[in-house]
Amino acid sequence: GHIWTLPSRPELFDFRGVSMTHFFTDNWENVQNFKARPDDVLIATYPKAGTTWVSYILDLLYFGQTSPERQTSVPIYERVPFLELIELYLLLPTSPRLIKTHFPVQFVPKSFWEQNCKIIYVARNAKDNMVSYFHFDSMAMIEPDPGDWNNYFQRFMQGKVVTGSWYDHVNGWWKKKQTSPNVHYMFYEDLVEDTGREIDKLCSFLGLSPSEDERKRITGGVQFDKMKKNNMTNYSTHARMDFKTGSFMRKGRVGDWKNHFTVAQNEEFDEDYKKKMKDPTLQLRTDL
Ligand code: A3P
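As the structure is a computational prediction, the values presented were derived from the model and not from experiment.

Student: Explanation requested: the overall build of the chain in the structure shown.
Tutor: Looking only at helices and strands, the chain features 13 helices and six strands. In terms of overall size, the chain behaves like a compact globule, its C-alpha atoms giving a radius of gyration of 18 Å where 288 residues would be expected to give roughly 19 Å. For the chain, the spread of C-alpha atoms along the principal axes amounts to about 60 × 50 × 40 Å. For the chain, the residues scored as buried account for 55% of the 288 residues in total. Pairs at least 24 residues apart make up 72% of the contacts formed inside the chain by residues separated by at least 6 positions. Element-wise, carbon and sulfur atoms account for 52% of the exposed surface of the chain, whose accessible area totals about 13,700 Å². In the chain, the 37 positive side-chain charges and the 37 negative ones have mean positions that sit 1 Å from each other.

The structure is reproduced here in structure tokens:
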């Protein structure tokens, strides 16, 4: 008969000052030696900040016209694979290659900088990011057990979640952007507010000029409800997620944190936030 084994959840450990699991560090040497090509496009995010959304936008911008079959047969996480999980992108047949990473800026392989690759960073406000991450960790067996909400809330503030401190991540990339014209820094909240406008900004950064029709088609196609129904973008094909516990395309809103944070938690959070977010030029919206 069958032996059913539940995948066991990985341990969290400190890796060069950043909380990680082995999935993201096993290939460290190979990943650090990665040879980027000048036309590679890297999507960098803290987990749950809108990685999949921006991956899909880019995939449509680059390949929506030329390879429509890609849209209906290859899940987005294979079209835009993880830098950290080397095996997939070695096989990437496309040019450009679209690659995603959750690395903090100091972990990005040097080849991306040497080759002047375009890098797109997406940030999401910490409160919604935390809530989204909590729900994701509950259903994704590749993640350490999130525990209960109160516990998770503390761990997130301490940076004891995969990829470490949200505060360090968004700040590190923000600093880098000030001196790197190849980094485009965008916000999840802006994408929710006006997807078309943000796609226009992306296009001018990337030097793309889709037709007006194409731009409309993409803007419509990447809306939350469309992506939620689309099996190639909603992760329903992913083996390591427990869809009984939740869904990857969960809510897609700004401000859902209000349904999770208690008043006391919100005060504690804001107090701590002020201490960690000293740069007045980096402002994230928790409300629209
Ligand atoms: P929620 O859990 O708040 O719903 P990532 O791709 O980085 O893992 O981020 C996932 C988050 O982005 C989830 O947030 C998901 O619903 C949201 N998301 C994905 N596509 C979206 C879209 N088209 N519009 C709004 N939110 C989207």
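Read on, since the account is not over.
Student: For this particular structure, what's the right way to read the pattern of salt bridges?
Tutor: Opposite charge on two side chains allows them to pair when their charged atoms are near. Tallied over the entire structure, the rule returns 17 salt bridges. Between Arg79 and Asp59 there is a salt bridge, with the nearest N and O atoms lying 2.8 Å from each other. Here Arg79, found in helix α4 (residues 76-79), pairs with Asp59, found in helix α2 (residues 51-63); they are 20 residues apart in sequence, far enough to count as distant. Among the ionic contacts, a cluster of salt bridges with common partners joins Asp190, Glu193, Arg197, Glu198, Lys201 and Arg285.

Student: Please clarify how the site of the ligand should be interpreted in this entry.
Tutor: Contacts to the ligand come from 18 residues, most closely from Thr51, Thr52, Ser132, Tyr188 and Lys251. A distance of 2.9 Å separates an oxygen atom of the ligand from a polar atom in the side chain of Arg124. Taking Gly252, its main chain carries an N or O atom lying 2.8 Å from an oxygen atom of the ligand. Relative to its free-state accessible area of 570 Å², the ligand is covered by the protein chains to the extent of 97%. Those elements that place two or more of their residues in the shell around the ligand are α2 and α12 (224-229). Ranked by residues supplied to the shell around the ligand, first place goes to α2 with three residues. The class makeup of the residues in the shell around the ligand is eight nonpolar, six polar and four charged.

Student: Mind showing me how you'd approach the packing of helix α10 (residues 195-206) against helix α11 (residues 212-221) here?
Tutor: Each pair of packed helices can be summarised by the angle the axes make with each other and by the distance between the axes. For the pair α10 and α11, interaxial distance at closest approach is 10 Å and the crossing angle is 125 degrees. Comparing the axis directions of α10 and α11 gives the class oblique. Crossing of α10 over α11 shows right-handed handedness. Of the residues in α11, those in contact with Thr195, Gly196, Arg197, Ile199 and Asp200 of α10 are Arg215, Ile218 and Thr219.

Student: How do you make sense of helix α7 (residues 149-158) when you look at a structure like this?
Tutor: Spacing of three or four residues puts side chains on the same side of an α-helix, whose turn is 3.6 residues. Of all the positions in α7, only Trp149, Tyr152, Phe153, Arg155, Phe156 and Met157 are classed as buried. Buried residues along α7 sit against α6 (126-139), α8 (166-179) and α13 (263-276). Positive backbone phi, at 75 degrees, marks Gly159, one or two positions downstream of α7.

Student: Looking at this model, I keep getting lost on the sheet that holds strand β3 (residues 41-45). Mind explaining?
Tutor: Each strand in a sheet pairs with another by means of backbone hydrogen bonds, the pair being arranged parallel or else antiparallel. An order of β4-β3-β5-β6 is seen for the four strands of this open sheet, with the pairing classed as parallel. Looking at which strands have only one partner, the edges of the open sheet turn out to be β4 (98-101) and β6 (183-187). Taken over all neighbouring pairs, the strand axes of this sheet differ in orientation by 20 degrees on average, direction set aside. Lying over the sheet, α8 contacts β3, β5 (118-123) and β6, oriented at roughly 135 degrees with respect to β6.

Student: What am I meant to see in the pairing of β5 here?
Tutor: A regular strand places its side chains on the two faces of the sheet in alternate fashion. In terms of burial, β5 is a largely internal element, five of the six residues being buried. Direction of pairing for β3 relative to β5: parallel, over a ladder of five bridges. Residue pairing for β5: Val41 is matched across the bridge by Lys118. In terms of strand pairing, β5 meets β6 through five bridges, oriented parallel. Each residue of the ladder has a partner; that of Ala123, found in β6, is Phe187.

Reading the values: the criteria
- Residues numbered from 1 in each chain as written.
- Predicted model: local features only at pLDDT ≥ 70, side-chain atom pairs only at ≥ 80, totals over all residues.
- Heavy atoms only, no water.
- Helix = DSSP H or I, 4+ residues; strand = E, 2+ residues; numbered from the N terminus.
- Rg over C-alpha atoms; globule rule 2.2 N^0.38 Å.
- Buried < 20%, exposed > 50% of the residue type's maximum accessible area, 1.4 Å probe, protein only.
- Contact = heavy atoms within 4.5 Å.
- Areas by Shrake-Rupley, 256 points an atom, 1.4 Å probe, with all protein chains shown as cover.
- Lys, Arg positive; Asp, Glu negative; His and termini not counted.
- Charge placed at Lys NZ, Arg CZ, Asp CG, Glu CD.
- Salt bridge = Lys/Arg side-chain N within 4 Å of Asp/Glu carboxyl O.
- Near = heavy atom within 4 Å.
- Polar contact = N/O pair within 3.5 Å; in protein donor to acceptor, adjacent residues only side chain to side chain.
- Nonpolar A, V, L, I, M, F, W, Y, C, P; charged D, E, K, R; others polar.
- Axes fitted to C-alpha atoms, helices over the stretch in contact; angles between N-to-C directions.
- Parallel < 35°, antiparallel > 145°, perpendicular 65-115°, else oblique.
- Left-handed = near helix turned anticlockwise from the far one by under 90°.
- Pairing = 2+ DSSP bridges.

Such coordinate-based values are descriptive only and should not be taken to indicate function.
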